[in-house]
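# Summary of the model geometry
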Amino acid sequence: MVLMKMKFPFEKRVKLAQGLWLLSWMATLAGAFTFTLGCFLKTELRRRAEVMDNTEIHAVPNTLMIVGLASLGINYFAGRMCQDALDAGRFPRWKTFMQPYWGVSLLFTLLMLMAVIMSYTMKGNLESSLKIGLKNGIRFYKDTDTPGRCFQKQTIDRLQMEFRCCGNTDFKDWFEVQWISNRYLDFSSKEVKDRVKSNVDGRYLFDGVPFSCCNPSSPRPCIQDRLTNNSAHYSYEHQTEELNIYIRGCREALVNYYMGLMNTIGAGVLSVFLLQSSVLVSLRYLQTTMEALAGQENTEIETEGYLLEKGVKETIMEYVTPVLVFLQLNEVGSEDTEA
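Described in the following lines is the structure provided in the data block. All of these numbers come straight from a predicted model, not from anything done at the bench.

### Topic: the overall build of the protein
A count of helical and extended segments in the protein gives eight helices and two strands. The N-to-C order of helical and strand elements in the protein reads β-α-α-α-α-α-α-α-β-α. Over its C-alpha trace the protein gives a radius of gyration of 31 Å, far above what one expects of a compact globule, namely 20 Å for 339 residues. By its C-alpha atoms, the protein is 105 × 65 × 35 Å across when sized along the principal axes.

### Digging into a nonpolar patch on the surface
Together, Trp21, Leu22, Trp25, Met26, Tyr76 and Phe77 line one region of the surface with nonpolar side chains, adding up to about 570 Å² of accessible area. Contributing elements (two or more residues each) for the nonpolar patch: helix H1 (10–47) and helix H2 (59–85). Among the elements that take part in the nonpolar patch, H1 stands out by supplying four residues, more than any other. Here tyrosine 76 lies in helix H2. Residue classification places tyrosine 76 among the partly exposed positions, given a relative accessible area of 36%.

### Concerning the environment of cysteine 165
Note that cysteine 165 resides in the loop between helix H5 (152–163) and helix H6 (190–197). Put simply, cysteine 165 and leucine 86 are 79 residues apart on the chain and 61 Å apart in space, counted from C-alpha to C-alpha. Setting aside anything within four residues of it in sequence, one finds cysteine 165 in contact with Leu159, Gln160, Ser212, Tyr246, Arg248, Gly249, Cys250 and Ala253.

### Some thoughts on H5
Its twelve residues place the ends of H5 16 Å apart at the C-alpha level, agreeing with the 16 Å of an ideal helix rising 1.5 Å per residue. Gln152, Ile156, Asp157, Leu159, Gln160 and Phe163 are the residues of H5 that are buried. Looking straight down H5, one finds its buried side chains confined to an arc of 160°; they lie on one side. On its buried side, H5 packs onto helix H4 (123–139) and helix H7 (250–291).

### Things to note about the side chain of serine 24
The residue serine 24 is located in helix H1 in this model. Among the polar contacts listed, one links the side chain of serine 24 to the backbone oxygen of tryptophan 21, at a separation of 2.7 Å. Ignoring sequence-local partners within four residues, the contact set of serine 24 consists of Asn75, Ala78, Gly79 and Val279.

### Some words on unusual backbone geometry
For arginine 164, which is not a glycine, the phi torsion comes out positive at approximately 50°. By the secondary structure assignment, arginine 164 is in the loop between H5 and H6. The backbone phi angle of arginine 226 is positive, close to 50°, even though this residue is not glycine. Position of arginine 226 relative to the elements: it lies in the loop between H6 and H7.

### Digging into the packing of H1 against H2
Orientation of H1 relative to H2, taken along the N-to-C sense of each, is 165°, at an axis distance of 7 Å. Relative to H2, H1 is oriented roughly antiparallel. Handedness of the H1/H2 crossing: left-handed. Among the residues forming the contact of H1 with H2, the class breakdown is 21 nonpolar, eleven polar and one charged.

### Let's talk about the nonpolar core
By size, the foremost hydrophobic cluster in this structure holds 81 residues, and its most contacted members are Leu126, Trp174, Val209 and Leu286. Mapped onto this core, the elements with two or more residues apiece are H1, H2, helix H3 (95–121), H4, H5, H6 and H7. The biggest single contributor to this core is H7, with 19 residues. Ignoring anything within four residues of it in the chain, the contact list for leucine 286 reads Arg13, Leu16, Ala17, Leu20, Cys82 and Ala85.

### Remarks on the packing of aromatic side chains
As enumerated under the stated definition, the model contains 14 aromatic pairs in all. Measuring from centroid to centroid gives 5.8 Å for phenylalanine 8 and tyrosine 285, while their planes differ by 50°, and the two rings are tilted. You can see phenylalanine 8 sitting in strand S1 (residues 6–8) and its partner tyrosine 285 sitting in helix H7, a full 277 residues away along the chain. Tyrosine 285 carries the same exposure label as phenylalanine 8, and that label is buried.

### Re the pattern of salt bridges
The tally for this structure, following the rule as stated, stands at 13 salt bridges. Glutamate 44 is the partner of arginine 47 in a salt bridge, and the nearest nitrogen-oxygen pair spans 3.2 Å. Here glutamate 44 and arginine 47 lie together in helix H1, a separation of three residues that amounts to about one turn. One connected set of salt bridges, linked through shared partners, spans Glu44, Arg47, Arg48 and Glu162.

### A few points about the state of the cysteines
With the rule as written, the count across this model stands at three disulfides. Between cysteine 165 and cysteine 250 runs a disulfide, and the two sulfur atoms are separated by 2.1 Å. On the sign convention where negative means left-handed, the S-S torsion of about 90° between cysteine 165 and cysteine 250 marks this disulfide as right-handed. Of the two residues, cysteine 165 sits in the loop between H5 and H6 while cysteine 250 sits in helix H7, which places them 85 residues apart along the sequence. Note on accessibility: cysteine 165 and cysteine 250 belong to one class, buried. Linked covalently through their sulfurs, cysteine 214 and cysteine 222 form a disulfide whose S-S length is 1.9 Å.

What counts and how
- Every chain's residues receive numbers from 1 upward, in the order its sequence appears when written.
- pLDDT decides what is reported in this predicted model: residues at 70 or higher carry local features, side-chain atom pairs at 80 or more are listed and counted, and totals for whole chains, interfaces and linings draw on all residues regardless.
- Water and hydrogen atoms play no part in the side-chain values, which are based on all heavy atoms of the structure.
- Here a helix means four or more residues in a row that DSSP labels H or I, a strand means two or more in a row labelled E, and each is numbered from the N terminus.
- Taken over C-alpha atoms, the radius of gyration is set against a globule rule of 2.2 Å times the number of residues to the power 0.38.
- Without a salt bridge and with relative accessible area above 30%, a residue can belong to a patch; like charges are then joined within 9 Å and nonpolar side chains (Val, Leu, Ile, Met, Phe, Trp, Tyr) within 5 Å.
- For accessible areas, the Shrake-Rupley method is used with a probe of radius 1.4 Å. Any residue's cover is judged against the shown protein chains and nothing else.
- For this analysis, a salt bridge means a side-chain nitrogen from Lys or Arg found within 4 Å of a carboxyl oxygen belonging to Asp or Glu.
- In this scheme, a residue with accessible area under 20% of its type's maximum is buried, one over 50% is exposed, and one in between is partly exposed, where area comes from a 1.4 Å probe on protein chains only.
- The contact criterion used throughout is that any non-hydrogen atoms of two residues lie within 4.5 Å.
- The span expected for a helix works out to 1.5 Å for each residue beyond the first.
- Each C-beta atom gives one direction from the helix axis, and the arc is the one those directions make.
- Counted as a polar contact is a pair of N or O atoms within 3.5 Å, where, for protein atoms, one must be capable of donating a hydrogen and the other of accepting one, and residues adjacent in sequence contribute only when both atoms are in side chains.
- The axes used here are C-alpha line fits, helices contributing only the stretch in contact, and every angle between their N-to-C directions lies in the interval 0 to 180 degrees.
- Any angle between 65 and 115 degrees counts as roughly perpendicular, while under 35 counts as roughly parallel, over 145 as roughly antiparallel, and the rest as oblique.
- Whether a crossing is left-handed or right-handed is set by the direction in which the near helix is turned from the far one by less than a right angle, anticlockwise for left-handed and clockwise for right-handed.
- Nonpolar residues are Ala, Val, Leu, Ile, Met, Phe, Trp, Tyr, Cys and Pro. Charged residues are Asp, Glu, Lys and Arg, and all others, Gly as well, are polar.
- We call a set of buried residues a nonpolar core when its members are Ala, Val, Leu, Ile, Met, Phe, Trp, Tyr or Cys and they connect through side-chain atoms within 4.5 Å of each other.
- Two aromatic rings, drawn from Phe, Tyr or Trp (for Trp, its six-membered ring), form a pair once their centres lie within 6.5 Å of each other, and the interplanar angle then sorts them: stacked below 30 degrees, edge-to-face above 60, tilted otherwise.
- The term disulfide is used for any two cysteine sulfur atoms that are within 2.5 Å.

This is the structure we're talking about:
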């Protein structure tokens, strides 16, 4: 059963070829736009690589860059075919090229759709990566003289100031780690000795946060140490008073930033996917209606175009069956070799 059959008089075929030529060049520009979005997202993710535990999230920009480049080639050839479609004598030379072209085009169009889906569903991967990465970043904050970690303090400070956040989940994460290096602690001080001795691991822990957690919008000078000690500060009640440090954790801030970015990119790429699908559907109609002219002396007659010569199920099986047969032959061959 032929799927979505349409009749195409000569004038309609010419308009289809001309309109598709314009559409293919629009899709070419959209492919370049997709590639640019992938590069931008990749750059943004690499900027925060030090506070991410893995690179699984990079699958989104990598896929966008691949399908963007592929789209340039796919739509370039689509434009060339549209030009040749205006001359019935030149179009048949594309016949042997069409089957691999459709395979590649459908593959990369589906990859584009997959990139759109991933841009909306990678929140869990991103959050788990940031949870571990930020935890390690805070833990190594003090190691300014350790090779490989000497810029960790600068990275965390810049991150907290730029995203107006503090800690991993919240500012209390700083209470659980020693974020001041021993080289800057006065071990002759009784307070320092008492704090170190009171900790099982011999770490200097206290209820304070780095300067980068301070909120410059607060009218009060920043209180960044002894945050839970009301008597240490004049007219201060930490449980009821709004603290003049950032309350939001950096993991939440970064997840919101990157998911907002990817959701926006996903919407843009979805538009490109719809445009690319329109190109492929139109090109399929152009191909089938031009193939109907084969052997005809009068090239201005009305012809029929369609999307699929058979039903969807039959078409899928036509392509899948040879692959299954090939895999079965390989399996039988490997068993014979083992025997």
